[in-house]
Amino acid sequence: MFITKHFDLPDQKIAYAEAGVESDATPVILLHGGAVDHRMWRPQMSAFEGRRVIAPDARGHGESSDAAAAYRLTDDLKALLDALEVERGVLVGLSMGGGTAVDAALEHPERVAALVVSGCGTSEPDFIDPWSLDIFARWQSAEQHGDLEAWIEAFMAFTTGPGRTRDDVDASVYRLVEAMARETIANHLRLGPAGVPIPPTPPTPVTETWERLPTIRVPALALCGTDDGTDHLRMTRRLAEETPRGEFRALPGAHYPNLEAPGAFNDVVRDFLSRHAL
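Counting from 1, residues in each chain are numbered in the order their sequence is written. Given that the model is predicted, a residue must reach a pLDDT of at least 70 before its local features are reported, and side-chain atom pairs must reach 80 or more before they are shown or counted; all residues, however, enter totals for whole chains, interfaces and linings. Working from all heavy atoms in the structure, the side-chain values ignore hydrogens and water.

If you had to explain the environment of Phe48 to someone new, which residues and values would you point to?
Each helix is a run of DSSP H or I of at least 4 residues and each strand a run of E of at least 2, with the numbering of both proceeding from the N terminus. For Phe48, the position within the fold is in the loop between α1 (42-45) and β4 (53-56). When accessible area is computed with a 1.4 Å probe and restricted to protein chains, residues below 20% of their type maximum are described as buried, those above 50% as exposed, and intermediate ones as partly exposed. Judged by relative accessible area, which is 5%, Phe48 ranks as buried. In this description, contact between two residues means that some pair of their heavy atoms is separated by no more than 4.5 Å. When neighbours within four sequence positions are excluded, Phe48 is seen to be in contact with Val28, Val53, Asn266, Val269, Arg270 and Leu273.

The following block contains the structure:
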């Protein structure tokens, strides 16, 4: 059982779900992907018995506020940890959230006990596969033409992966991801005079993230769905290889293995926490 809470900071409102109890075990912080929100972590909120589990909505997502000025997602995360008096956490991030987790290990290493990163490398992705590039081209075209359904169709391709169709994905998983994406658009994307979406203020990037991976000294578990795109698989493997204490595991599913194979995902993460006495 978990509830959604809100924390008002001077420059933003942060929404987050919280479950579990405070204990000697290191808290788990769940960081969601782009265009979705903390609800993607439903199967994980009760999976780590005996420890505190926190799943925030990133700025511009879910019930958190939009950006009014320059910001960095990693600094937003630190502000939440400060507000909740969490000294160090195990950061579990998927896609955009994985990039934020890596950024935190680089920029705020004292706050990170370990990393679990799924479906990404760092916050500076390197897309070269034609399948990925086609999705981004369709996505950009949809934004330029104000075509909501084309935007959704392009985004949902990540849920199926390059070798599957919607029929290959559990219907409840597909519906949840699509619902979160539609709500993100409805609640956080403004429309211009011609009905063309105005992109939200992007976060200020953390730079040289790939080059700095060898400086990350905490344990790092890199996960990826076996049906995810080749770019995501490649970048996730690279993260494991270039982080001194990194390891790689493949799981069933595409970009959201935590939703498609929650049992396997939770078991792998619990084993990782146990092996490193976190």
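Having seen it, we continue.
Could you give an account of the pairing of strand β5 (residues 89-94), naming the residues involved and the relevant values?
Within β5, six of the six residues are buried, which leaves it mostly tucked inside the rest of the structure. Of the two faces of β5, the one carrying Gly89, Leu91 and Gly93 and the one carrying Val90, Val92 and Leu94 are both buried. For two strands to count as paired, DSSP must find a minimum of two bridges between them. Of the strand pairs in this sheet, strand β3 (residues 28-31) and β5 are connected by four bridges, and their pairing is parallel. Bridged to Leu31 within β5 is Gly93. When the strands point away from the viewer and the path from the first strand over the helix to the second turns clockwise, the crossover is right-handed. Taking the sense of rotation as the criterion, the β-α-β connection linking β5, helix α3 (residues 96-107) and strand β6 (residues 112-118) turns out right-handed.

Got a sec to walk through the pattern of salt bridges? Specific residues and values, please.
When the charged atoms of two side chains lie near each other, side chains of opposite charge can form a pair. Whenever Lys or Arg places a side-chain nitrogen within 4 Å of a carboxyl oxygen from Asp or Glu, that contact is recorded as a salt bridge. For the structure shown, the criterion picks out 22 salt bridges. The salt bridge involving Asp267 is made with Arg270; its shortest N-O contact spans 2.6 Å. Separated by three residues within a single helix, Asp267 and Arg270 lie in helix α9 (residues 262-275), roughly one turn from each other. Connected via shared salt-bridge partners are Arg72, Asp75, Glu107 and Arg212.

Just distances and angles here, no functional claims.
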